[in-house]
Amino acid sequence: MNCAFAYTHAPISFYFKPSARDFVVEEIPLYDFSGEGEHLILKVRKKNLTTFELIKTFSSIFGIKEKEIGYAGLKDKNALTFQYLSFPKKQVDNKIFAHFKHPLIKILEQTYHHNKIKIGHLKGNHFFINLKKIDSLNNQKILNIIEKIKIYGIPNYFGYQRFGQEGNNFLQGLEIIEGKKKPRSKKIANFLISAYQSHLFNQWLSLRLNLSFLINSSKSTEIFKALQSFLPDYQIPLIFKEKQYCQNLQNQPHFFKIFTGDCLCHYPFGRNFFAQEENLSQDTLRFVEKQVSVMGLLSGKKCPPTSQIAGIFEEPFYDNRILSVGQRRYAWIFPEQIQYRYKEEEAQGELQFYLPKGAYATNFLRELAHQECQSDESSECDKFTQ
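Residues numbered from 1 in each chain as written. Predicted model: local features only at pLDDT ≥ 70, side-chain atom pairs only at ≥ 80, totals over all residues. Heavy atoms only, no water.

1. A short note on the pattern of salt bridges
Here is the rule: In what follows, salt bridge is the name for a side-chain nitrogen of Lys or Arg lying within 4 Å of a carboxyl oxygen of Asp or Glu. The helix count covers DSSP runs of H or I at least four residues long, the strand count covers runs of E at least two residues long, and both are numbered beginning at the N terminus. Between buried and exposed lies partly exposed: a residue is buried under 20% and exposed over 50% of the maximum accessible area for its type, with that area taken using a 1.4 Å probe on protein chains only.
The final tally for this structure, using the stated rule, is 14 salt bridges. The salt bridge partner of E27 is K75, with a shortest N-O separation of 2.9 Å. Taken together, the residues span a long stretch of sequence, with E27 in strand β2 (residues 23-29) and K75 in the loop between β4 (70-71) and β5 (80-88) at a distance of 48 residues. Both residues of the pair, E27 and K75, belong to the buried class. The shortest N-O distance in the salt bridge between E350 and K343 comes to 3.1 Å. Assessed through its relative accessible area of 17%, E350 is described here as buried. Among the charged side chains, a salt-bridge network with shared partners connects E178, K180, D319 and R321.

And the structure:
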């Protein structure tokens, strides 16, 4: 990913390979199902299948078009996953449903609801991960960094999965934007463009983390020169020459700094608003208290970049040639329900946590390990080793 890490600990060595035994993902619905309505809701457990393969299987067995089957999000193939699907009740043959059996799929619960499940209709996901080859020293390191993550959270980078096996499919997205490439499939084109948007988001977020480290580590009177040296092609605002302004930045309770003009949002969901100088001290306090978070940009024609100080550092990552609508995404998230248990005899650690929708479990592991994920030929996260 080549993105800045949030924490500065030495790399932690452990082994993790996604599998149904060592990686469990459970979807948390956005709302309670009413128990009545025109849509059959199934809670399904699957393993070694993508969500699309799961839907295709049900489509074939029930004789229902794939587009009629609703789902909230995509779940990993190499994992044991739990998710919800919706089906038009009238199109489900009860006899076929009653005798449904599949070696990789199990129906756990059924109910009904008034509407079809759609993409994004989930709060988040709960993860269980089995980490292996952990000695006592690295176990202590893991305990220490988990305590920090509980307090300060992690950057919400897009995971390596977003960028393909070689990690560079965003370049094809850029070629589409520039008119140099035109895929036959609109679906593929949109996917590649979204990878390019994700790349811009990651690079912006990495820059903001590096700026935060620079501000925290410099003398308040030397921040302006440090920024000029770090970003020679930027027009650094003169306000960074003001000692009091720089001290106020350094005194923000969270190490990730908020600038005037930043787009913020109530956390874990709510209304977007922009950081103003007169409210900045209050907003930064609410940030460390996990009440608000910073929103990063996914470029699009209806989502312009921010303004003021924040806009100066965001504008280079805004591409107005992208014709999709665009949106804002949490740049910083706060994992919840973090639990970790070390099994010394097996040299293994059991890690559990909850992430809001759209966040990547492998990104959490990357931050924990403080090193990039090494992947095999199938683009799965294999291990974090020194």
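Following the structure, the description resumes.
2. A closer look at unusual backbone geometry
Cis geometry marks the peptide bond from Y267 to P268; its omega dihedral reads 10 degrees. Structurally, P268 can be placed in the loop between β9 (263-266) and β10 (272-274). Within the chain, N48 stands out as a residue other than glycine whose phi angle is a positive 55 degrees. Checked against the element boundaries, N48 lands in the loop between β3 (39-47) and α1 (51-62).

3. Side note on the nonpolar core
Quick reminder of the rule: Side-chain atoms within 4.5 Å link the members of a nonpolar core, which is a set of buried Ala, Val, Leu, Ile, Met, Phe, Trp, Tyr and Cys residues. Here, two residues are considered to be in contact whenever any of their heavy atoms come within 4.5 Å of each other.
Counting residues in each nonpolar core, the largest one holds 87 residues, and the members touching the most others are L131, F240, F259, F313, L351 and F353. Sort the elements by how many residues they give to this core and helix α5 (residues 186-217) lands first, with 14 residues. With residues near it in sequence (within four places) discarded, F259 still touches R208, L211, I215, F240, Y245, L249, A275, L280, I309, A310 and F313. F58, L85, V92 and I105 belong to the second largest nonpolar core, which has 17 residues in total.

4. Things to note about the state of the cysteines
The test is simple: Criterion for a disulfide: a pair of cysteine sulfur atoms within 2.5 Å.
On inspection of all chains with the given rule, the structure shows 0 disulfides. Not part of a disulfide, C263 finds its nearest cysteine sulfur in C265, a span of 7.2 Å. A relative accessible area of 2% means that C263 is categorised as buried.

5. Brief notes about the packing of helix α4 (residues 169-177) against α5
To keep it simple, the criterion reads: As a rule, the C-alpha atoms of each element are fitted with a line to give its axis, helices using only the stretch in contact, and angles between N-to-C directions run from 0 to 180 degrees. Here the word oblique covers every angle except those under 35 degrees (roughly parallel), over 145 (roughly antiparallel) and from 65 to 115 (roughly perpendicular). For this classification, Asp, Glu, Lys and Arg are treated as charged, while Ala, Val, Leu, Ile, Met, Phe, Trp, Tyr, Cys and Pro are nonpolar and the rest, including Gly, are polar.
Where α4 contacts α5, the axes come no closer than 7 Å and their chain directions differ by 110 degrees. On the basis of the axis angle, α4 is roughly perpendicular to α5. Mapping the contact onto sequence places N169, F170, Q172, G173, L174, I176 and I177 in α4 and A189, F191, L192, I193, A195, Y196 and H199 in α5. Looking at side-chain class alone, the contact of α4 with α5 contains 10 nonpolar, 4 polar and no charged residues.

6. Things to note about the pairing of β3
Note the following rule: DSSP bridges decide pairing: two strands pair if at least two such bridges lie between them.
Of all 9 residues in β3, 7 are buried; the element is thus mostly enclosed. Pairing of β3 with β5 involves 9 bridges; the strand directions are antiparallel. The residue of β5 that forms the bridge with L42 is L85. Here β3 pairs with strand β6 (residues 105-113) via 8 bridges, running antiparallel. Looking across to β6, one finds that H39 is bridged to H113.

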